[in-house]
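A structural walkthrough
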Amino acid sequence: MNIHEYQAKELLKKYGVQIQEGIVAHNGEEAEAAAKTLKRDFDSDWCVIKAQIHAGGRGKGGGVKLAKSPAEANEIATKMIGMQLVTPQTGPEGKKVHKVLVARDVYYPGPSPVKEFYVSILLDRTTGRNVIVSSTEGGMDIEEVAEKTPEKIVKEWIDPLIGLQPFQARKIAFGLGLEGNAFKEMVKFIDCLYKAYEGIDASLFEINPALKTSDDKILAVDGKVNIDDNALYRHKNLAELRDITQEDPLEVEAGESGLNYVKLDGNVGCMVNGAGLAMATMDVIKLSGGEPANFLDVGGGANAKTVEAGFRIIMKDPNVKAILINVFGGIVRCDRVASGVVEACQNIGEINIPIIVRLQGTNAELGAKIIAESGMKVYPAILLKEAADKIREVLA
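Since the structure is predicted, the reported quantities are computational estimates derived from the model, not experimental observations.

**Regarding the layout of surface pockets**
- Size it by volume and the second largest pocket reaches roughly 280 Å³.
- Lining the second largest pocket are 13 residues, with Tyr197, Asp201, Ala202, Ser203 and Asp228 sitting closest to its centre.
- Elements with a contribution of two residues or more to the lining of the second largest pocket: strand S7 (115-124), helix H6 (180-199) and strand S10 (202-212).
- For the lining of the second largest pocket, a count of residues per class yields five nonpolar, three polar and five charged.

**Re the nonpolar core**
- Membership of the largest hydrophobic core comes to 41 residues, with the highest contact counts inside it found for Leu12, Ile132, Met186, Phe189, Ile190, Leu193 and Phe205.
- Within the residue set of this core, elements represented by two or more residues are helix H1 (5-14), S7, helix H5 (166-175), H6, S10, strand S11 (218-220) and strand S12 (224-227).
- Considering every element that reaches this core, the biggest residue donor is H6, with eleven residues.
- The contact partners of Leu193, leaving out residues within four places of it in the chain, are Leu12, Val17, Val119, Ile121, Phe205 and Ile207.
- Leu259, Val307, Ile325 and Ile371 belong to the second-largest nonpolar core, a separate cluster that totals 33 residues.

**A few points about the pairing of strand S2 (residues 47-51)**
- Counting buried positions along S2 yields five of five residues, so the element is predominantly enclosed.
- Here S2 shows two buried faces, one formed by Cys47, Ile49 and Ala51 and the other by Val48 and Lys50.
- Bridging between S2 and strand S3 (residues 64-67) involves four bridges; their strand directions are antiparallel. Bridged to Cys47 within S3 is Ala67.
- Bridge count for S2 against strand S6 (residues 100-104) is five bridges, and the pairing is antiparallel.

**Examining the packing of aromatic side chains**
- In total, this model carries three aromatic pairs according to the counting rule given.
- Ring geometry for Tyr197 versus Phe205: centroids 5.5 Å apart, planes at 85°, classification edge-to-face. Of the two residues examined, Tyr197 and Phe205, each falls in the buried class.
- In this structure an aromatic cluster arises from ring pairing among Tyr194, Tyr197 and Phe205.

**Quick look at unusual backbone geometry**
- Of the consecutive residues Asn208 and Pro209, the connecting peptide bond is found in the cis state with omega at 10°.
- Mapped onto the elements of the fold, Pro209 is located in strand S10.
- With a phi angle near 65°, Asp216 is a residue other than glycine that sits in the positive phi range.
- Within the secondary structure, Asp216 sits in the loop between S10 and S11.

**Concerning the pairing of strand S8 (residues 129-135)**
- Of all seven residues in S8, six are buried, a share of seventy percent or more.
- Counting the residues between successive antiparallel strands, the hairpin from S7 to S8 contains four residues, one of them, Gly128, with a positive phi of roughly 70°.
- Relative to strand S9 (residues 153-158), S8 is paired through six bridges, and the arrangement is antiparallel. Within S9, the position partnered with Val131 by the bridge is Trp157.

**Details of the environment of Lys13**
- The residue Lys13 is located in helix H1 in this model.
- By relative accessible area, Lys13 is classed as partly exposed at 45%.
- A sequence separation of 179 residues divides Lys13 from Cys192, and the C-alpha atoms of the two residues are 9.1 Å apart.
- Leave out the neighbours within four places in its chain, and Lys13 touches Ile19 and Glu21.

**Details of helix H9 (residues 275-287)**
- Across its 13 residues, H9 extends 19 Å between first and last C-alpha, which sits within 8% of the 18 Å expected from 1.5 Å per residue.
- Buried within H9 we find Ala278, Thr281, Met282, Val284 and Ile285. Considered in projection along H9, the buried side chains sweep an arc of 160° and stay on one side of the axis. Residues of H9 that are exposed and point more than 90 degrees away from the buried face comprise Gly276 and Leu287.
- For H9, the secondary structure elements touched by its buried residues are strand S14 (268-272), strand S15 (294-297), strand S16 (322-329) and helix H13 (384-395).
- In the stretch just after H9, Gly289 is the one whose phi turns positive, near 95°.

**Some details on the packing of H5 against H6**
- Put simply, H5 and H6 touch, their axes get as near as 9 Å, and they point 130° apart. One way to sum up the angle between H5 and H6 is to call them oblique. Here H5 and H6 pass one another in a crossing that is right-handed. Of the residues in H6, those touching H5 at Ala169, Arg170, Ile172, Ala173 and Phe174 are Phe183, Met186, Val187 and Ile190.
- Of the residues that constitute the contact of H5 with H6, the class distribution is eight nonpolar, no polar and one charged.

Thresholds, definitions, all that
- Residues numbered from 1 in each chain as written.
- Predicted model: local features only at pLDDT ≥ 70, side-chain atom pairs only at ≥ 80, totals over all residues.
- Heavy atoms only, no water.
- 1 Å grid on protein atoms, 1.4 Å probe; cavity = no way out; pocket = protein on both sides within 12 Å on 5 of 7 lines; lining within 4 Å.
- Points joined across faces, edges and corners; volume = space filled by probe spheres on them.
- Helix = DSSP H or I, 4+ residues; strand = E, 2+ residues; numbered from the N terminus.
- Nonpolar A, V, L, I, M, F, W, Y, C, P; charged D, E, K, R; others polar.
- Core = buried A, V, L, I, M, F, W, Y, C linked by side-chain atoms within 4.5 Å.
- Buried < 20%, exposed > 50% of the residue type's maximum accessible area, 1.4 Å probe, protein only.
- Contact = heavy atoms within 4.5 Å.
- Pairing = 2+ DSSP bridges.
- Phe/Tyr/Trp six-rings, centres within 6.5 Å; stacked < 30°, edge-to-face > 60°.
- Expected span 1.5 Å × (residues − 1).
- Arc of directions from axis to C-beta.
- Axes fitted to C-alpha atoms, helices over the stretch in contact; angles between N-to-C directions.
- Parallel < 35°, antiparallel > 145°, perpendicular 65-115°, else oblique.
- Left-handed = near helix turned anticlockwise from the far one by under 90°.

In short, geometric facts, not functional conclusions.
Now the structure itself:
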């Protein structure tokens, strides 16, 4: 589950992570009032207006702007709220901005130069350990840094049995070239950040930039936090932070029906029982000359209700030219799935695109017979090659 920057910063602050303070605004007047509050608290006319959407690269799309007065904050926020913000991570359709964060100016002059760093925490699946990734090249796309100057990225793996050790936090701070009070502040920053990561069952923390201010404090100027969906039952308060306006409507609808669905850009919809089989099915679609339009896992207990829900979601995508249902009858019998497909098609009504149903496993032949005798525009298949050939045929 993704959350907004301002929500991420509030969570980090609870764990002792120093953040760039800010106030959320839903219109220009609120932004102006927030700027006046920040001016009073921090004695600066300047503030930063940051669009709150679930995507990075906001600055490149005009979603991060500097305001030099409360009146200018009002003007910028008024233009920004309601806009369809397009960034490198949103795709051409962009995301609508419903609110902004009016943030304190933290690039103030002082005795030492300001410096930006990159810090993230995530699970390294190859080692089964969390890894802290840091770089002196903060504020830049980390992918670009990794490609052009990989030596500037440092990784520190954490033993899950003993957790983050003090020497590891110091090692990271040394690697970033810090000394004196800034060094101590970064050690504390890393320690608190890791406690927050574990405390909320996060799957990703990305602080870019983590800023060394001119008076040697370390602040999280931005904060991208992803929370493990599978752990939300332990964090009811975090589940309430979800903003479905920032999610694909079809993915939201699928979640409400208990389906695992991810929208893609192809022309062949697929419905499968099992994540691994779904990935293999997408490969088959690709090899058959099509492009997967989605990932859809209906789970091991597929029935008429879940199949119908899956059909309705897939068919709302106007790019879908065919549907491939690929079911392995292990937990669920193939004849039961076939009956569910027929019933779902009857409930939906006329379906104008070809449907290929590949059944394998318990009662596969009986399932294929039910499909063949239904009288509907549904093509049965038992072998995966048969399904692939039929996809190639209907797309021709």
